[in-house]
Amino acid sequence: MRLATFFFALVFSSFAGAAHAQVVTLNKGGFVLTYDCSIHSATRYEYTLVADTGSAARPSSFYKDPDLPAGCLGQTSTASYASVQSGYDRGHLVTSNHMDYDTTYIRRANYMTNIVPQVSSFNQGIWVKAENVAECYRDIAPVDVYGGVVYGDASNDYFLSSHGIPTPEFFWKTIITKDPNTGTAKAISWIIPNETGLGSLDSYLVTIADLEELLGASYVAINAPASLKNMLPSASWPLPSGCDLS
């Protein structure tokens, strides 16, 4: 089922039109964030994964980012979102487990610049399934991961006073890799509402071209040929047999 283009465009337009945005690039070594200082949130991320050989432990704590440039503020608290509004997690944009090959990078994945409010069932359910696609396919061939958030509806912004961050309406993710048999590139993308009661990943499949139409090509910022941007798998890629998700 394809999601309504008009609805996404409407939601994104209200965010994209926000005045006084101060956007910076935060290179964290293992991943790169596009960060909007005016809303204390990353809006986009990207990184590349190769075969998983890491086992660094995920930190048990969250941290304020010590490396924000002068005049650019982060979230005002590392406390749980659930302490303010039940049913929300401190959700990672860049998956902590994807950074387990480096103790510095996995700690940086727990910086609040990489954390946003995610509905708990979203974070622990469908979002994990999308993360697992990258986790499994990295062992077959290198994968490039891109993604971001869409803001726009102020009615669910429960954390402005406590943390200084609005609540995302949607999350998008794109994974690009190569078919090991043919060597040709392939891509898969989703855009998923930050809500309870969601369907399967297949319900939220889109193309990179769809994302560019909905959110703007400069925002999505994926350099790929048109054939790849218009690729729409009939279903989400199945996880390969024997994939190690640790």
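In this text the structure is predicted, and so the values were computed from the model without any measurement.

Asks: I keep staring at the UniProt feature "domain: ENPP1-3/EXOG-like endonuclease/phosphodiesterase" (unreviewed entry) in the protein and nothing clicks. Help me out?
Replies: Within this numbering scheme, the UniProt entry marks residues 28-226 as carrying the feature "domain: ENPP1-3/EXOG-like endonuclease/phosphodiesterase" (unreviewed entry). Across residues 28-226, the secondary structure splits into 19% helix and 26% strand, with the terminal C-alpha atoms separated by 30 Å.

Asks: What is the right way to look at the UniProt feature "active site" (unreviewed entry) in the protein in this model?
Replies: As annotated by UniProt and renumbered to match this structure, "active site" (unreviewed entry) occupies His92. As for its placement among the helices and strands, His92 is situated in strand β4 (residues 88-92). Look at His92 and you get buried, because its relative accessible area is 5%. When neighbours within four sequence positions are excluded, His92 is seen to be in contact with Arg58, Phe62, Ala109, Asn110, Asn114, Ile115, Gln118, Trp127 and Glu131. Polar contacts involving the side chain of His92 include one to the side chain of Asn110, which spans 2.7 Å.

Asks: So what exactly am I meant to see when it comes to the layout of surface pockets here?
Replies: Remark: the empty space left among the atoms is shown by a probe the size of a water molecule rolled over them. When its volume is computed, the largest pocket comes out at roughly 220 Å³. Mapped onto the lining of the largest pocket, the elements with two or more residues apiece are β4 and α3 (120-137). Among the elements that make up the lining of the largest pocket, the one with the highest residue count is α3 (six residues).

Asks: What exactly am I supposed to notice about the state of the cysteines here?
Replies: Note on terminology: disulfide describes a covalent bond linking the sulfur atoms of two cysteines. Under the counting rule described, the total for this entry stands at two disulfides. Disulfide pairing is shown between Cys136 and Cys243; the S-S distance is 1.9 Å. Between Cys136 and Cys243 the disulfide shows an S-S torsion of about -95°. By sign, it is left-handed. Residue Cys136 is found in helix α3, and its partner Cys243 is found in the segment after α6 (226-229); the two are separated by 107 residues along the sequence.

Asks: When you look at the packing of aromatic side chains in this model, what are you seeing that I'm missing?
Replies: Given two aromatic rings, their pairing is described by the distance between the two centres and the angle made by the two planes. Under the counting rule described, the total for this entry stands at 11 aromatic pairs. Relative to Tyr158, the ring of Tyr88 has its centre 5.7 Å away and its plane inclined at 65°; by these criteria the two rings are edge-to-face. Within this pair, whereas Tyr88 is found in strand β4, its partner Tyr158 is found in the loop between β6 (143-150) and β7 (170-178), the two being separated by 70 residues in sequence. On the basis of relative accessibility, which here comes to 10%, the residue Tyr88 falls in the buried class. What makes Tyr158 partly exposed here is its relative accessible area of 36%. Taken together, Tyr81, Tyr88, Tyr158 and Phe159 form an aromatic cluster joined through their ring pairs. A cation sits over an aromatic face here: Arg107 above Tyr63, 3.7 Å from the ring centre. Taking NZ or CZ as reference, Lys186 lies 4.6 Å from the ring centre of Trp237, over its face.

Calculation rules
- Residues numbered from 1 in each chain as written.
- Predicted model: local features only at pLDDT ≥ 70, side-chain atom pairs only at ≥ 80, totals over all residues.
- Heavy atoms only, no water.
- UniProt positions renumbered as here; feature names shortened; annotations may be inferred.
- Helix = DSSP H or I, 4+ residues; strand = E, 2+ residues; numbered from the N terminus.
- Buried < 20%, exposed > 50% of the residue type's maximum accessible area, 1.4 Å probe, protein only.
- Contact = heavy atoms within 4.5 Å.
- Polar contact = N/O pair within 3.5 Å; in protein donor to acceptor, adjacent residues only side chain to side chain.
- 1 Å grid on protein atoms, 1.4 Å probe; cavity = no way out; pocket = protein on both sides within 12 Å on 5 of 7 lines; lining within 4 Å.
- Points joined across faces, edges and corners; volume = space filled by probe spheres on them.
- Disulfide = S-S within 2.5 Å.
- Phe/Tyr/Trp six-rings, centres within 6.5 Å; stacked < 30°, edge-to-face > 60°.
- Lys NZ or Arg CZ within 6 Å of the ring centre and 35° of its normal.

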